[in-house]
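# Descriptive structure summary
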Amino acid sequence: VAVWRHVDDALAGLCLSEMRTATRLADLGAGAGLPGLVLAIALPDTCVTLVESVERKCRFQRLAAAACGCDNVRVLHSRAESWREGRSTQDLVTARALAPLAVLVEYAAPLLIEGGSLVAWKGAVAKDEAEAGARAAAVVGLKSVEPVLLPPFPNGGGGRTLQRYLKVMPTPERFPRRAGMARKRPLAA
């Protein structure tokens, strides 16, 4: 049951047009491959890069992608801030249970093309986190878009949201900052 709950949660993102039309998707902090690997299966024409800083998780992702026959998956052992080749290449960046919104927007913005989107799977978001995310987004060239409230799971567990941001301006060259700085000194602080 738990596995299907995670798969269902990942597939919930398909309610968004930006998810269904993306050709290049980066899933940050991909962990066990959620939501990135599930989306790669559902969107076989989308090139999905699973970005993960922990090598053992990358090994699992490679094995899982091969077992699922996902030729559209690339596993990248890197931190988001260190992926310089990814700058301005992604239509969509996703993240699930990775960081507060102010940190996520800083990770994602340099990777997105103008017009690209960040979609973050989050539980209920407190007003101060949402406001901090919006302030940080403005610094890095993103704009907050109305979040989508997801329906509760059949056995409980509601309050899930898809937090959304649209890249409306180029990200200043000073971003990304060096690894760890977004968490240590969030832009909205």
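What comes next is a walk through the structure. Since the structure is predicted, the reported quantities are computational estimates derived from the model, not experimental observations.

### Concerning the pairing of strand S5 (residues 112–122)
The side chains of a regular strand alternate between both faces of the sheet. By the criterion of burial, S5 is predominantly enclosed, with 8 of the 11 residues buried. With 6 bridges connecting them, strand S4 (residues 90–96) and S5 associate as parallel partners. Pairing of Arg96 across the sheet is with Trp121, part of S5. The parallel pair S4 and S5 is bridged by helix H5 (residues 101–108), and the resulting crossover is right-handed. Pairing analysis gives 6 bridges linking S5 to strand S7 (residues 161–167), with the strands arranged antiparallel. Across the sheet, the residue bridging to Ala120 is Gln163, located in S7.

### Description of helix H4 (residues 55–67)
With 13 residues, H4 ought to run about 18 Å at 1.5 Å a step, and its terminal C-alpha atoms sit 18 Å apart, in line with that. Residues Cys58, Gln61, Ala64 and Ala65 constitute the buried set of H4. End-on, the buried residues of H4 take up no more than an arc of 125°, which puts them together on one face. Across H4 from its buried face, at more than 90 degrees, point the exposed residues Arg56, Leu63, Ala66 and Ala67. Packed against the buried residues of H4 are helix H3 (36–42), strand S2 (47–52) and strand S3 (73–77). Phi for Gly69, located one or two positions after H4, is positive at around 70°.

### Quick word on the pattern of salt bridges
All told, the structure shown has 11 salt bridges when counted by the stated rule. Here Arg62 ties to Glu55 by a salt bridge, and the two come within 3.3 Å at their closest N and O atoms. A residue is classified by how much of its surface remains accessible, and Arg62, at 37% relative accessible area, is partly exposed. Owing to a relative accessible area of 29%, Glu55 belongs among the partly exposed residues under this scheme. A salt bridge links Lys127 to Glu131; the nearest nitrogen and oxygen atoms lie 3.9 Å apart. Taken together, the positions of Lys127 and Glu131, both in helix H6 (residues 127–140) and 4 residues apart, correspond to about one turn of that helix. Residue class for Glu131 comes out partly exposed when judged on its relative accessible area of 37%. Residues joined by salt bridges that share partners form a network here, namely Asp9, Arg96 and Arg160.

Criteria and thresholds
- Residues numbered from 1 in each chain as written.
- Predicted model: local features only at pLDDT ≥ 70, side-chain atom pairs only at ≥ 80, totals over all residues.
- Heavy atoms only, no water.
- Buried < 20%, exposed > 50% of the residue type's maximum accessible area, 1.4 Å probe, protein only.
- Helix = DSSP H or I, 4+ residues; strand = E, 2+ residues; numbered from the N terminus.
- Pairing = 2+ DSSP bridges.
- Right-handed = clockwise from strand over helix to strand, strands pointing away.
- Expected span 1.5 Å × (residues − 1).
- Arc of directions from axis to C-beta.
- Contact = heavy atoms within 4.5 Å.
- Salt bridge = Lys/Arg side-chain N within 4 Å of Asp/Glu carboxyl O.

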